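So you can see what is in the structure, the chains are spelled out below.
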Amino acid sequence: MKQSDYIRRLLDWGRFTEAKLLLSAGTVRPEAIFELAFMLGNGFYSCEQFRDARDAFALAQKHESIGLLATVKFAKCLLHTGDREGALNILRDVSNNINALPQEALDIFLRIAVHVREYELLAKAEQKARLRFPHTSFYWFAGGTLACKNERHFQAITFFARAVELSPTKPPYRLALARALLKLKRETQAIRVLDELDLNAITCIADIMLMKNFYSEIGYREGIENCCSELTRRYFQKNKS
């Protein structure tokens, strides 16, 4: 069996580290390197092993273009391994061709832009994303984030409210909407937006902490007490297990 065929088999089996070692040995035919490195990059990426995925995508890219989706995945790998500027340079290049991005690539692009607060990149993609995929809640959240940055609070409320409508159980969307409402002194509405969440159903403790902080800022005692009770319950539940 050819070594390249054996590496393909390892990739099919999900044995990516073994495949990486064989590929790096330097004995694979040059014409087979691109395909194997490309497959390896996607394999490591699916496991969130971003350093190994980065190296594999970089190797593939030396031989051929890896395409838009893999290029954006490569940018995410760079970001996760400390090369923020390298990641952003890739996104700046890709931003000139936003309409050509498949949805997965568009999603990665926008999530990176929101995460690192690169508002110029965000502005190039958020509206086009909503036009193409109007029922994707994150794209409305991204638009609200940009509107907040530009102090367009009425628009931010509209966008965050749509994100909440599409994904009503996501705490970050409700928190963003509550903060936008607070900018316009709509404290009662902001409290109602968060009170509609079931604290027991929130999986991330950090979200409950952020809600508690929000309630503390506005002095809403009942909300503070509810969050503290839920955090205490989870603390004792964790220590019992």
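In the block above lies the structure referred to throughout.
Here is what the cut-offs are and how they apply
- Residues numbered from 1 in each chain as written.
- Predicted model: local features only at pLDDT ≥ 70, side-chain atom pairs only at ≥ 80, totals over all residues.
- Heavy atoms only, no water.
- Helix = DSSP H or I, 4+ residues; strand = E, 2+ residues; numbered from the N terminus.
- Expected span 1.5 Å × (residues − 1).
- Buried < 20%, exposed > 50% of the residue type's maximum accessible area, 1.4 Å probe, protein only.
- Arc of directions from axis to C-beta.
- Contact = heavy atoms within 4.5 Å.
- Salt bridge = Lys/Arg side-chain N within 4 Å of Asp/Glu carboxyl O.
- Phe/Tyr/Trp six-rings, centres within 6.5 Å; stacked < 30°, edge-to-face > 60°.
- Lys NZ or Arg CZ within 6 Å of the ring centre and 35° of its normal.
- Core = buried A, V, L, I, M, F, W, Y, C linked by side-chain atoms within 4.5 Å.
- Axes fitted to C-alpha atoms, helices over the stretch in contact; angles between N-to-C directions.
- Parallel < 35°, antiparallel > 145°, perpendicular 65-115°, else oblique.
- Left-handed = near helix turned anticlockwise from the far one by under 90°.
- Nonpolar A, V, L, I, M, F, W, Y, C, P; charged D, E, K, R; others polar.

1. Some points on helix H14 (residues 221-240)
The terminal C-alpha atoms of H14 lie 29 Å apart, and with 20 residues this matches the ideal 28 Å at 1.5 Å per residue to within 8%. Buried residues of H14: Gly-223, Cys-227, Glu-230, Leu-231 and Arg-234, and no others. Along H14, the residues classed as buried sweep out an arc of 95 degrees about the axis, all on the same side. Relative to its buried face, H14 has exposed residues pointing more than 90 degrees away, namely Arg-221, Tyr-235 and Lys-240. The inward-facing, buried residues of H14 contact helix H13 (205-218).

2. Thoughts on the pattern of salt bridges
All told, the structure shown has 16 salt bridges when counted by the stated rule. When the shortest N-O distance is used, the salt bridge between Arg-8 and Glu-35 registers 3.0 Å. Taken together, the residues span a long stretch of sequence, with Arg-8 in helix H1 (residues 3-12) and Glu-35 in helix H3 (residues 30-46) at a distance of 27 residues. A salt bridge links Glu-126 to Arg-130; its shortest N-O distance comes to 2.3 Å. Placement of the pair is Glu-126 and Arg-130 together in helix H8 (residues 119-132), with a separation of 4 residues, close to one helical turn. Each member of the salt-bridge network shares a partner with another, and the members are Asp-5, Arg-8 and Glu-35.

3. Comments concerning unusual backbone geometry
Even without a glycine there, the phi angle at Glu-48 is positive, about 60 degrees. Looking at where Glu-48 falls in the secondary structure, it is placed in the loop between H3 and helix H4 (50-63). Here Glu-48 falls in the exposed class, since its relative accessible area comes to 58%. One non-glycine residue with positive phi stands out, namely Glu-151, at about 60 degrees.

4. Observations regarding the side chain of Arg-54
When you line up the elements, Arg-54 lands in helix H4. When sequence neighbours within four positions are dropped, the list of residues in contact with Arg-54 reads Phe-74, Cys-77, Leu-78 and Thr-81.

5. Quick look at the packing of aromatic side chains
Counting across every chain of the model gives 12 aromatic pairs. Ring geometry for Phe-34 against Phe-38: centres 5.8 Å apart, planes inclined by 25 degrees, an arrangement best described as stacked. In this pair, Phe-34 and Phe-38 both sit in helix H3, 4 residues apart, roughly one turn of the helix. For the ring pair Tyr-215 and Tyr-220, a centre distance of 5.2 Å and an interplane angle of 65 degrees mean the geometry is edge-to-face. Tyr-220 matches Tyr-215 in its accessibility class, with the two residues each being buried. An aromatic cluster is present here, built from Phe-133, Phe-138, Tyr-139, Phe-141, Phe-160 and Tyr-173 joined pairwise through their rings. In this structure, Arg-111 is placed above the aromatic ring of Phe-138, and the distance from its NZ or CZ to the ring centre is 3.9 Å. Geometry around Phe-159 places Arg-130 over its ring, the cationic atom sitting 4.3 Å from the centre.

6. Here's the deal with the nonpolar core
Among the nonpolar cores identified, the biggest contains 82 residues, and Leu-110 and Met-211 are the most heavily contacted of them. A total of 9 residues in this core trace back to one element, the largest contributor, which is helix H7 (residues 103-116). Aside from chain neighbours lying at most four places away, what touches Leu-110 is Leu-122, Ala-125, Glu-126, Ala-129, Phe-138, Tyr-139 and Ala-142.

7. Looking at the environment of Glu-222
Position of Glu-222 among the secondary structure elements: in helix H14. Along the sequence, Glu-222 and Asp-195 sit 27 residues apart, while their C-alpha atoms lie 10.0 Å from each other.

8. Observations regarding the packing of H3 against H4
Running from amino to carboxyl end, H3 crosses H4 at an angle of 155 degrees, the nearest separation of the two axes being 8 Å. With respect to H4, the element H3 is oriented roughly antiparallel. Between H3 and H4 lies a crossing of left-handed hand. Touching Pro-30, Ile-33, Phe-34, Ala-37, Phe-38, Leu-40, Gly-41, Asn-42, Phe-44 and Tyr-45 of H3 are Phe-50, Asp-52, Ala-53, Ala-56, Phe-57, Leu-59, Ala-60 and His-63, all from H4. For the contact of H3 with H4, the per-class residue count stands at 14 nonpolar, 3 polar and 1 charged.

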